[in-house]
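Topology and contacts: notes
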Amino acid sequence: EADERIAAHTQALALREQSADVAFSIKLHCAMESDEVLTFTQRTEASAQLERLRRQINAHPRLPQQRLGSYRGFDLLAQTQRNREEAFFTPVEAWFAVPGSNRLYEFKFGDAASSALQSLDAQLRSLDSHLQRAVRAQKELHHRQAQITAELHKGWEYAPAYEALQQQLQVVNQALAADG
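First, a word on scope: everything that follows refers to the structure included in this document. This one's a predicted model, so the numbers in the text were calculated from it and none came from an experiment.

The next subject is the sheet that holds strand E6 (residues 105-107). Pairing in this open sheet of six strands is antiparallel, and the strands run E2-E1-E3-E4-E5-E6 from one edge to the other. Two strands bound the open sheet, and with one partner strand each, they are strand E2 (37-40) and E6. The sheet shows a mean angle of 30° between the axes of neighbouring strands, taken without regard to direction. With three bridges joining them, strand E1 (residues 26-29) and strand E3 (residues 66-71) adopt antiparallel strand pairing. The residue of E3 that forms the bridge with Lys27 is Ser70.

Spelled out as structure tokens, the structure:
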């Protein structure tokens, strides 16, 4: 799984870098029930549309995960939190993902309309740290595996004494069996 995580983070970083120097542009659905997609080049308008989509998803808490659109090559997804269906206020969870990938990166809708885009951009910038953590975790797993393998190859230090005692026990058991 560590290798898969590293591959997914590497793929996400590559996708992010492809659009690093491109002017702001985001594609968002007009409405959740619509296939029509609009392209926004102004952050204010895009933020307002993201907020409209968030409200639509919040109004339909039983809907499965919905695709909001795309940003910098990433799919934007959202749904209401499943573990809070009975709550008075059901917040909307949001993620971005490399198209076709199961690895989701969370971003937050906030009180201000612009906070979703700010969170999204911050999470895109943090992809490097996701990869670094995954590489560190993989190194730690390899280190622990090497330690375990080394310990297993050492053998058990008490094995010769155990075998000698096992033989003595066998002699005693044979003597008891012979004495009947």
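What follows covers helix H4 (residues 127-154). An α-helical turn contains 3.6 residues, so a residue and the one three or four places further along point in the same direction. Spanning 28 residues, H4 covers 41 Å between terminal C-alpha atoms, matching the ideal 40 Å at 1.5 Å per step. Of all the positions in H4, only Leu127, Leu131, Ala134 and Gln138 are classed as buried. Contacts made by the buried residues of H4 are with helix H1 (2-18), strand E4 (74-80), strand E5 (92-97), E6 and helix H3 (115-125). Looking one or two places after H4, you find Gly155, whose phi comes out positive at around 85°.

Rules used throughout
- The numbers attached to residues start from 1 for each chain and follow its sequence in the written order.
- Owing to the predicted nature of the model, reporting of local features is limited to residues with pLDDT of at least 70; listing and counting of side-chain atom pairs is limited to 80 or more, with chain, interface and lining totals taken over all residues.
- Excluding hydrogens and water, the side-chain values take into account all heavy atoms of the structure.
- The pairing criterion for strands is at least two bridges between them, as found by DSSP.
- Only DSSP runs of H or I covering at least 4 residues are called helices, and only runs of E covering at least 2 are called strands; the numbering of each starts at the N terminus.
- Throughout, an axis means a line fitted to C-alpha atoms (over the contacting stretch in the case of helices), and angles, computed between N-to-C directions, take values from 0 to 180 degrees.
- Expected helix span is taken as 1.5 Å per residue step, with the number of steps being one fewer than the number of residues.
- Partly exposed describes any residue whose relative accessible area lies between the buried limit of under 20% and the exposed limit of over 50%, with all areas from a 1.4 Å probe on protein chains only and scaled to the type maximum.
- Any two residues whose heavy atoms approach within 4.5 Å at even a single point are treated as in contact.

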